[in-house]
Amino acid sequence: MIICSCNVLSDQDVRSAVEAERTRSISQVYGCLGCGPKCGRCALTIRRLMDEALGGACAASCNGCARSSQS
Ligand code: FES
C-alpha cells in the first residue's frame, strides 16, 4: 500500500529500509529511500511502521527489557 503519495513509497519500502538499515529517524528513512519529506502527511504512518518493525526486532532479540514489555 502506498503510504507516501509525494514520494510514492509503500509500507513495504519503509519496512525494508528500517529492517535493512536500522534507521532510527523518519528523516533517515527518507534518506535511505533516496527522497525527502515534502508535505509531511506520511510522517506519523512512517513512525508507526518504524515502531512496529523495531518493536518486533527488540522482542525477538531481547528478553525482558522495559521496551520489549511495552509491545
Ligand atoms: S505524503 Fe509523504 S511527504 Fe507527502
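Going by the annotation in an unreviewed UniProt entry, the name recorded for the protein is (2Fe-2S)-binding protein, with Mesorhizobium australicum given as the source organism.

> Before we move on, can you summarise the overall build of the protein with the specific residues and values?
A tally of regular secondary structure across the protein gives 4 helices and 2 strands. Listing every helix and strand of the protein by position from the N terminus yields β-β-α-α-α-α. For the protein, the residues scored as buried account for 30% of the 71 residues in total. Long-range contacts, defined as pairs at least 24 residues apart, comprise 42% of the intrachain contacts of the protein with a sequence gap of at least 6.

> Tell me about the nonpolar core, residues and numbers included.
Of all hydrophobic cores here, the largest spans 13 residues; its most connected members are V14, V18, V29 and I46. Listed by contribution, the elements that provide at least two residues to this core are β1 (2–4), α1 (11–21), α2 (26–32) and α3 (43–61). Tallying contributions element by element places α3 first for this core, with 5 residues. Not counting residues within four places of it along the chain, the set of residues in contact with I46 comprises I3, V14, I26, V29 and Y30.

> Can you break down the side chain of D11 residue by residue, with the values?
Along the polypeptide, D11 turns up in helix α1. Assessed through its relative accessible area of 16%, D11 is described here as buried.

> Could you give an account of unusual backbone geometry, with specific residues and numbers?
If you check the backbone angles, V8 has positive phi at about 50° while not being a glycine. Here V8 shows up in the loop between β1 and β2 (9–10). Classification of V8 as exposed rests on a relative accessible area of 56%. Notably, R22 is not glycine yet its phi reads approximately 55°, a positive angle. Checked against the element boundaries, R22 lands in the loop between α1 and α2. The partly exposed category is assigned to R22, whose relative accessible area is 38%.

> Break down the environment of A43 for me, citing the residues and quoting the values.
With respect to the helices and strands, A43 occurs in helix α3. Judged by its relative accessible area of 22%, A43 is partly exposed. Each C-alpha atom, one on A43 and one on C4, is 8.6 Å from the other, the two residues being 39 residues apart in sequence.

Parameters at a glance
- Residues numbered from 1 in each chain as written.
- Predicted model: local features only at pLDDT ≥ 70, side-chain atom pairs only at ≥ 80, totals over all residues.
- Heavy atoms only, no water.
- Helix = DSSP H or I, 4+ residues; strand = E, 2+ residues; numbered from the N terminus.
- Buried < 20%, exposed > 50% of the residue type's maximum accessible area, 1.4 Å probe, protein only.
- Contact = heavy atoms within 4.5 Å.
- Core = buried A, V, L, I, M, F, W, Y, C linked by side-chain atoms within 4.5 Å.

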